[in-house]
Amino acid sequence: MKPFWINVPASSANFGPGFDSMGLALGLHLTLEVTESDEWVFEQLDSTVPTIYYEDHFIYKISKQVADRHHKELPACRVVEKSNIPLARGLGSSASAILAGIEIANQACRLGLSSEDKLRYGTEIEGHPDNIAPALFGGLVISATIEDVIERIELHALDIDIVVYIPEVELKTEASRKILPSSYPRSLAAAASAVSNVVVASLLKGDYKRAGKMMEHDLFHEPYRAALIPNYEKIRKQAKELSAYGTIISGAGPTMLSIVPSGEGQAIASKMQEVLPYYQVKALAIDPTGMTVE
Ligand SMILES: Nc1ncnc2c1ncn2[C@@H]1O[C@H](COP(=O)(O)OP(=O)(O)OP(=O)(O)O)[C@@H](O)[C@H]1O
Ligand SMILES: N[C@@H](CCO)C(=O)O
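The residue numbering used here restarts from 1 in each chain and proceeds along that chain's sequence as written. All chains are assigned letters beginning with A, and all ligands numbers beginning with 1, in the order in which they are written. It should be noted that, the model being predicted, local features are given only for residues of pLDDT at least 70 and side-chain atom pairs only at 80 or more, the latter also being counted only at that level, while totals for whole chains, interfaces and linings use all residues.

Student: Can you tell me about the sheet that holds strand 8 (residues 246-249), naming the residues and giving the values?
Tutor: Here a strand pair is declared whenever DSSP counts at least two bridges between the two strands. By the criteria applied, helices consist of DSSP H or I runs no shorter than four residues and strands consist of E runs no shorter than two, each listed in order from the N terminus. Across the sheet, 4 strands lie side by side as 8-9-7-10; this open sheet has antiparallel pairing. Whereas interior strands pair on both sides, the edge strands pair on one side only; in this sheet they are strand 8 and strand 10 (280-284). Strand-to-strand twist in this sheet, taken as the mean axis angle between neighbours without regard to direction, amounts to 20°. Bridge count for strand 8 against strand 9 (residues 256-261) is 4 bridges, and the pairing is antiparallel. Paired with Thr-247 across the two strands is Ser-258, which belongs to strand 9. Across the sheet, helix 7 (residues 208-215) touches strand 7 (160-166), strand 8 and strand 9, and the angle it forms with strand 8 is around 40°. Between N-to-C directions, angles cover 0 to 180 degrees, with each direction set by a line fitted to C-alpha atoms, over the stretch in contact for helices. Throughout, a pair of residues is in contact if the C-beta atoms placed from their backbones lie within 7 Å.

If you want it as structure tokens, here you go:
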């Protein structure tokens, strides 16, 4: 087996009202260098991920699961891992790790998986495509799962900057999903879908002001999660005063994300950092390509 390198971006799911459906690929990355070896070993370089025995490593477990699914023996590999995606902060760390695990199995066992296969496997494992799809394809991806088929539209021409506010605390997706209702009355579901429809239509027209305004009116998850997110109202208000189009919870939180006018991301991030001294406030590029393998 020839050595290979996997690079997977972070992602921000939901993008306001697109619960479990929309997600944006972001310029933070998980990179893995994989070589054949006598035994399995995961080595962390400047990583946000702690060193873990290989059988307990999330990425190994995914690779093994995919190899087993194809009735293949997974050869032992040495994996050197580097990541600047913070764990359990709403920036899609689990989706990037799942895709990396799928790709290790794909390369090491020569499975010949297509992008659609990777999307399907990743979505089955994660439970929804909103992080997996952008991490795989880049840009903003809007997806719907109809029976076993995932329909998706990629938007790659968004003329906006992104600012993220990453607090020190973690929030596991599982915990953040538990507080959501298990069903919604028809009137609420219709109103929530209407908001989402207007956001997508505004993005397609390049009307970012309206998109940002409507993104702040999600009814599917933000009203329930707001109490779990430190400084939720303060961040929305301060960002708006600095001319952000709109500010939302990134994925399941606790990170928040603003879409802001193109070219203003860095300046807004610097000012917001003063307001939020204990946060990592970053202006991030939108990742245009998604996962790459060399
Ligand atoms: N590179 C990695 N290596 C090993 N495990 C990882 C890696 N990235 C994520 N994980 C696992 O995924 C967990 C975080 O997943 P979780 O779904 O809670 O949050 P997230 O994916 O960062 O956020 P969100 O889904 O809201 O965007 C970590 O606690 C860890 O168990
Ligand atoms: N759509 C998911 C994203 C996090 O995995 C949620 O909001 O729970």
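Student: Any details on the environment of Ala-239? Residues and values, ideally.
Tutor: Position of Ala-239 among the secondary structure elements: in helix 9 (residues 232-241). To sort residues by burial, count the other C-beta atoms lying within 10 Å of each one's C-beta; a count of 20 or more means buried, 12 or fewer means exposed, and anything in between means partly exposed. C-beta atoms are built from the backbone. Owing to 25 C-beta atoms within 10 Å, Ala-239 belongs among the buried residues under this scheme. Not counting residues up to four positions away in its chain, the partners in contact with Ala-239 are Ala-244, Thr-247, Ser-258 and Met-272.

Student: So what's going on with the site of ligand 2? Which residues, and what values?
Tutor: To decide nearness, the C-beta atom of each residue is placed from the backbone, and the residue is near a molecule or strand if that atom lies within 6 Å of it. Close to ligand 2 lie Ala-13, Asn-14, Phe-19, Asp-20, His-128, Asp-130, Asn-131, Thr-173, Arg-177, His-221, Gly-251 and Ala-252. Note on residue categories: nonpolar means Ala, Val, Leu, Ile, Met, Phe, Trp, Tyr, Cys or Pro, charged means Asp, Glu, Lys or Arg, and polar means any other residue, Gly included. In terms of residue class, the shell around ligand 2 is built from 3 nonpolar, 6 polar and 3 charged. Domain assignment of the residues forming the shell around ligand 2 places at least three in each of domain 1 (4-155 + 289-293) and domain 2 (160-284). Where each domain begins and ends is defined by an automated method or by a domain database.

Student: Break down helix 1 (residues 58-69) for me, citing the residues and quoting the values.
Tutor: Compared with the 16 Å implied by 1.5 Å per residue over 12 residues, the 17 Å span of helix 1 between its first and last C-alpha is a close match. Residues of helix 1 that are buried: Ile-59, Tyr-60, Ile-62, Ser-63, Val-66 and Ala-67. Along the axis of helix 1, the buried residues cluster in a sector spanning 160°; they form a single face. Across helix 1 from its buried face, at more than 90 degrees, point the exposed residues Asp-68 and Arg-69. Taken together, the buried residues of helix 1 touch helix 2 (93-108) and helix 3 (115-126). Of the residues trailing helix 1, His-71 is marked for its positive phi of about 55°. Helix span is expected to be 1.5 Å times the residue number reduced by one. The directions from the helix axis to the C-beta atoms are what the arc is built from.

It is worth stressing that arrangement in space is one thing and function is another; only the former is reported here.
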